[in-house]
Amino acid sequence: MSAEVSNDDNLRMVEYTSREMQRGDIPQIVTISRENMAKIIRDSWGVEWDDNDLLKMLRHNSTYNEVFEIGNRIIAYYSIEIRDSVLFVNSIQVDNEYKCRGYGSEIMKRIEEIAYIYDAEIIELWVQITNIAARRFYHEKGFRMNSRQGNNYLMRKFLPPKRRDD
């Protein structure tokens, strides 16, 4: 998949490709995640970032992980799993250099496409209470707060029924 889009901020989305994550992608994914989440984890939970938690999630046999790349550089990724009629988002990360260019929105479109393929009725994710930018982003994409657990909010989006052409 590839795209070239511009957004309201006059930052252009550069053409990218997306593909399933491969083992060799892990170092770049860990770096993006650590840069994005270490401070948020420390502020929310008072603990330091641990790469092992991310690695366990990425390697779990129930997850599907996809990367967005420009050339040989991974600029974003997401990790999801299907739980009955719910598509659960484990992680969405965009490299800081590529934020606010529309890649997060592209990831959300891709996740919704997958949800429809698997007949999921709901998309859910956890977001840190202190991650205001992410909470705002998900809210703009139709997610609503469902519950709180510790320093996380469970956000949920109900998908409209799939149209069937008869």
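Figured I'd write up the structure that's included with this text. Along every chain, residues carry numbers that run from 1 in the direction the sequence is written. Only residues with pLDDT of at least 70 are given local features in this predicted model, and only at 80 or more are side-chain atom pairs given and counted; all residues enter the totals for whole chains, interfaces and linings. Think of the side-chain values as coming from all heavy atoms in the structure, minus any hydrogens and water.

**What about the pattern of salt bridges?**
And then number 1: Criterion for a salt bridge: a side-chain nitrogen of Lys or Arg within 4 Å of a carboxyl oxygen of Asp or Glu. Evaluated as defined, the whole model comprises 13 salt bridges.
And then number 2: Here aspartate 51 ties to arginine 34 by a salt bridge, and the two come within 2.6 Å at their closest N and O atoms. On the criterion of sequence distance, the pair formed by aspartate 51 in helix α2 (residues 51-59) and arginine 34 in helix α1 (residues 26-45) is long-range, its members being 17 residues apart.
And then number 3: Look at aspartate 51 and you get partly exposed, because its relative accessible area is 24%.
And then number 4: A residue is classified by how much of its surface remains accessible, and arginine 34, at 34% relative accessible area, is partly exposed.
And then number 5: The partner of glutamate 112 in a salt bridge is lysine 157, with the nearest N and O atoms 2.4 Å apart. With glutamate 112 in helix α3 (residues 103-117) and lysine 157 in strand β7 (residues 152-158), this residue pair connects regions lying 45 residues apart in the sequence. Lysine 157 shares its class with glutamate 112; the two are buried.
And then number 6: Look at the salt bridges and you will find they share partners, linking Arg19, Asp25 and Glu69 into a network. Numbering of helices and strands runs from the N terminus; a helix is a DSSP stretch of H or I covering at least four residues, while a strand is a stretch of E covering at least two. Note on classification: 1.4 Å probe, protein chains only; a residue is buried when its accessible area is under 20% of the maximum for its type, exposed when over 50%, partly exposed between these limits.

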